[in-house]
Amino acid sequence: MTPSPSVPAELRSLNGHLFHVSKAPDKLRHLINDLSRAAKYISYAIKTTEAGLAGSVNMFGEEQVKLDVLSDRIIQEHLRENLLVSSYACEEHDSIVDLSPDAPYAVAFDPLDGSSLVDANLAIGSIFGIYEGKEIIGHTPREQVAALYVLYGPRTLLVYSTGSGVHEFLLNDVGEFILLREHLGIGDNAKNFSPGNLRGIDESQGYRDIVESWLSQQMTLRYSGCLVADVHHIFSKGQGIFTFPASHKYPQGKLRHAFECGPFAYLVNQAGGAASDGTQEILDIPITAVDQRCPLFIGSKNEVQRLCTSLAMKK
Ligand code: AHG
Ligand code: MN
Ligand code: MN
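Residues numbered from 1 in each chain as written. Chains lettered and ligands numbered in written order. Predicted model: local features only at pLDDT ≥ 70, side-chain atom pairs only at ≥ 80, totals over all residues. Heavy atoms only, no water.

Peer 1: Would you mind going over the packing of helix α2 (residues 26-48) against helix α3 (residues 66-81) with me for this structure?
Peer 2: Axes are the key here: two packed helices are described by the angle between their axes and the distance separating the axes. Put simply, α2 and α3 touch, their axes get as near as 9 Å, and they point 155 degrees apart. Judged by the inter-axis angle, α2 sits roughly antiparallel to α3. When you trace α2 past α3, the crossing you get is right-handed. Residue-level inspection shows Leu31, Asp34, Leu35, Arg37, Ala38, Tyr41, Ile42, Ala45 and Ile46 of α2 in contact with α3, the latter providing Leu67, Leu70, Ser71, Ile74, Ile75, His78, Leu79 and Glu81. Residues belonging to the contact of α2 with α3 are distributed by class as follows: twelve nonpolar, two polar and three charged. (Axes fitted to C-alpha atoms, helices over the stretch in contact; angles between N-to-C directions. Helix = DSSP H or I, 4+ residues; strand = E, 2+ residues; numbered from the N terminus. Parallel < 35°, antiparallel > 145°, perpendicular 65-115°, else oblique. Left-handed = near helix turned anticlockwise from the far one by under 90°. Contact = heavy atoms within 4.5 Å. Nonpolar A, V, L, I, M, F, W, Y, C, P; charged D, E, K, R; others polar.)

Below is the structure:
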């Protein structure tokens with residue numbers, strides 16, 4: 001897949017696109033460029049680092065793999081040197097980390113999403129949400145000024161929005177992110193479904209009903225175990241629904257509000273889709289803690305709505 005030759009060369013690089021097309025403020029453009037540079041190092045590290053455990057756990061009690069720790073360090077180093085970040089919250093730290101007090105942005109990130117899939121050699125990703133100001137606590141994901149993710153699969157892709165559509169870039173052989181597709185859209189109706197935490201069907205008749213309706217409609221199953229890859233599938237096909245409900249094992253859901261649900265809610269909303277925790281839009285749920293989790297139902301609008309209605313009717 002290559003961008004239309006009608007797109008002038010200066011608009012095809014990530015930096016050119018941020019400057020000329022999205023007209024991002026300079027400091028935000030610099031920050032996104034720096035995050036994209038960190039992602040190039042992570043992309044390289046994935047190919048060259050041993051897949052084993054690090055021998056440590058994160059604040060969620062999850063065992064870290066070496067690449068979790070390394071990716072976290074790579075991103076932190078890039079955030080530290082640019083003096084654009086006042087503070088950040090990250091999946092691998094149990095509290096907010098303060099950087100440059102007067103800097104314009106606060107960042108929430110999941111350095112390596114799907115890291116339990118590293119040894120299986122499946123696609124994994126990094127997720128970033130960017131806020132103006134000193135910190136993310138007390139804000140809602142709707143207040144993000146940008147969100148982006150990087151998908152490390154057979155190819156490395158970067159998808160970003162600064163509030164004017166969602167745009168996809170491919171990391172080329174000389175290390176430049178080059179425009180693949182602009183203005184990704186998500187249609188209202190889903191043909192594909194990506195059902196996380198199916199344990200939930202034993203605890204919610206509403207969730208069971210909806211999963212059974214997907215099976216009886218012979219919808220196509222696509223679930224990899226990496227949120228970035230699974231939601232990117234929705235972006236790439238222009239439709240679909242991803243679910244991760246709460247259940248006995250995960251009473252608040254598993255996915256993290258600040259680093260996982262929030263950035264994807266922003267991106268999916270920009271593409272015309274929807275994201276809910278079952279009762280309210282993810283975009284409107286305030287971030288109250290770094291380790292906050294929430295159920296996530298995200299993708300094609302009509303299907304997210306149908307699911308929320310089913311959950312409300314039968315608990
Ligand atoms: P992380 O690797 O950052 O801990 O995130 C893993 C998440 C998410 O990527 C995925 O959607 C979900 O965990 C998968 O959970 P299951 O393995 O329970 O399906
Ligand atoms: Mn994750
Ligand atoms: Mn992670």
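Peer 1: What am I meant to see in the environment of Lys301 here?
Peer 2: Among the structural elements, Lys301 can be located in helix α7 (residues 301-313). As for Lys301 and Leu227, which are separated by 74 residues in sequence, their C-alpha atoms are 18 Å apart. In this structure Lys301 touches Gly187, Asp188, Gly272, Gly273 and Ala274, once residues within four positions along its chain are discounted.

Peer 1: I would appreciate a short explanation of the site of ligand 1 in the present structure.
Peer 2: Surveying the vicinity of ligand 1 reveals 17 residues, the closest of which are Asp113, Gly114, Tyr223, Leu227 and Lys254. Here an oxygen atom of ligand 1 sits 3.0 Å away from a polar atom, N or O, in the side chain of Asp110. Within the backbone of Leu227, an N or O atom sits 2.9 Å from an oxygen atom of ligand 1. When isolated, ligand 1 has an accessible area of 470 Å², and the protein chains bury 84% of it. Mapped onto the shell around ligand 1, the elements with two or more residues apiece are β5 (105-113) and β13 (241-244). Among the elements that make up the shell around ligand 1, the one with the highest residue count is β5 (three residues). Tallied by class, the residues present in the shell around ligand 1 amount to seven nonpolar, three polar and seven charged. (Near = heavy atom within 4 Å. Polar contact = N/O pair within 3.5 Å; in protein donor to acceptor, adjacent residues only side chain to side chain. Areas by Shrake-Rupley, 256 points an atom, 1.4 Å probe, with all protein chains shown as cover.)

Peer 1: What exactly am I supposed to notice about the coordination of the manganese ion (ligand 2) here?
Peer 2: The textbook angles at a metal center are 109.5 degrees for a tetrahedron of four donors and 90 or 180 degrees for an octahedron of six. Taken together, the protein ligands of the manganese ion (ligand 2) are Asp110 (OD), Asp113 (OD) and Glu260 (OE), with distances of 1.8 to 2.1 Å. Positions of the donor residues of the manganese ion (ligand 2), expressed as sequence spacing, correspond to D-x2-D-x146-E. Of the residues examined, Asp110 reaches a relative accessible area of 0% and is grouped as buried. (Donors = N, O, S within 2.8 Å, 3.2 Å for Na, K, Ca; no water. Buried < 20%, exposed > 50% of the residue type's maximum accessible area, 1.4 Å probe, protein only.)

Peer 1: Hey, could you run me through the environment of Gly200 in this one?
Peer 2: Tracing the backbone through its elements, the reader meets Gly200 in the loop between β11 (192-195) and α4 (205-216). Here Gly200 falls in the buried class, since its relative accessible area comes to 2%. Expressed as a C-alpha distance, the spacing of Gly200 and Asp113, which sit 87 residues apart in the sequence, is 22 Å. When sequence neighbours within four positions are dropped, the list of residues in contact with Gly200 reads Tyr207, Pro245, Ala246 and Ser247.

Peer 1: I keep staring at the side chain of Asp277 and nothing clicks. Help me out?
Peer 2: Structurally, Asp277 is set in the loop between β14 (274-276) and β15 (296-299). From its side chain, Asp277 meets the backbone nitrogen of Thr279 in a polar contact 2.9 Å long. From its side chain, Asp277 meets the backbone nitrogen of Gln280 in a polar contact 2.8 Å long. Leave out the neighbours within four places in its chain, and Asp277 touches Ile282, Ile285, Pro295 and Phe297.

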